[in-house]
Amino acid sequence: MTTARDIMRPGAHWISTDDTLGKAARLMAELGVGCLIVSDDNERMRGIITDRDIVVKCIAQGKSPGATKAGDLCEATPRWVPADADVEEVLDEMEGHRIKRVPVIDDEKKLVGMISEADLAKHLDDNQLGEWVNSIYGRP
């Protein structure tokens, strides 16, 4: 059985709710990633911000990335999957919530990785990938 741990990109990174979007953008560029987990002081997930969020919800709105906090963009409780979840569970979570990335959490509730579209493309057969793409990008 293929699990979330098998297909994830290990070493997902997070930032504090109090960090600025400018810091988030610099960290994304440095790490070569398109999203970061936003965490509170107790290392609990508060959201996920993407490079697109920074552009659309901050810069395009005339806000300053140097003054806007990462926590300001967190809109909902983040979705996640356990590291031992099978691929079907991962797909169900992503399709059911129409999300393109999902954090992977281990038994100790620690962030151990992230699953993105690119990870799915590497590990799914053509039919699975086609169904996923349709569920995410197709009309509701």
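Nothing here was measured: the structure is a model prediction, and the numbers come from that model. (Residues numbered from 1 in each chain as written. Predicted model: local features only at pLDDT ≥ 70, side-chain atom pairs only at ≥ 80, totals over all residues. Heavy atoms only, no water.)

Turning next to the sheet that holds strand S7 (residues 111–115). The sheet built from four strands is open, its strands ordered S1-S7-S6-S5 with mixed pairing. The open sheet has two edge strands, strand S1 (9–10) and strand S5 (81–82), and neither has a second partner. (Pairing = 2+ DSSP bridges. Helix = DSSP H or I, 4+ residues; strand = E, 2+ residues; numbered from the N terminus.)

Time to look at the pattern of salt bridges. In the structure shown here, the tally under the stated rule is six salt bridges. A salt bridge links Glu-75 to Lys-57; its shortest N-O distance comes to 3.0 Å. Of this pair, Glu-75 sits in the loop between helix H3 (51–57) and S5 while Lys-57 is found in helix H3, placing the two residues 18 residues apart along the sequence. Residue Arg-79 pairs with Glu-93 through a salt bridge whose shortest N-O separation is 2.5 Å. A residue pair is termed long-range when its members are at least 10 positions apart, and Arg-79 in the loop between H3 and S5 and Glu-93 in helix H4 (residues 87–97) qualify at 14 residues. Look at Glu-93 and you get buried, because its relative accessible area is 15%. A single network of salt bridges, built from pairs that share partners, joins Asp-40, Arg-44 and Arg-46. (Salt bridge = Lys/Arg side-chain N within 4 Å of Asp/Glu carboxyl O. Buried < 20%, exposed > 50% of the residue type's maximum accessible area, 1.4 Å probe, protein only.)

Here we come to the environment of Pro-78. Summarising the element assignment, Pro-78 is placed in the loop between H3 and S5. Along the sequence, Pro-78 and Thr-68 sit ten residues apart, while their C-alpha atoms lie 20 Å from each other. For Pro-78, the residues in contact, after removing those within four places along its chain, are Met-45, Arg-46, Gly-47 and Ile-48. (Contact = heavy atoms within 4.5 Å.)

Attention now goes to the sheet that holds strand S3 (residues 35–39). Read from one edge to the other, the open sheet built from three strands follows the order S2-S3-S4, with strand pairing classed as mixed. Two strands bound the open sheet, and with one partner strand each, they are strand S2 (14–16) and strand S4 (45–50). Each strand of the sheet is rotated relative to its neighbour by a mean of 35°, with strand direction disregarded. Sheet topology note: the S2/S3 ladder contains three bridges and is parallel. Directly across from Ile-15, in S3, lies its bridge partner Val-38. (Axes fitted to C-alpha atoms, helices over the stretch in contact; angles between N-to-C directions.)

Before going further, it helps to examine the packing of H4 against helix H6 (residues 126–137). For any two helices packed against each other, one specifies the inter-axial angle together with the distance between the axes. Where H4 meets H6, the closest approach of the two axes is 10 Å, and the angle between their N-to-C directions is 20°. On the basis of the axis angle, H4 is roughly parallel to H6. Seen along the crossing, H4 lies across H6 with a hand that is left-handed. Facing Val-87, Glu-88, Leu-91, Met-94 and Glu-95 of H4, the residues of H6 in contact are Gln-128, Glu-131, Trp-132, Ser-135 and Ile-136. Here the residues of the contact of H4 with H6 are counted per class, giving five nonpolar, two polar and three charged. (Parallel < 35°, antiparallel > 145°, perpendicular 65-115°, else oblique. Left-handed = near helix turned anticlockwise from the far one by under 90°. Nonpolar A, V, L, I, M, F, W, Y, C, P; charged D, E, K, R; others polar.)

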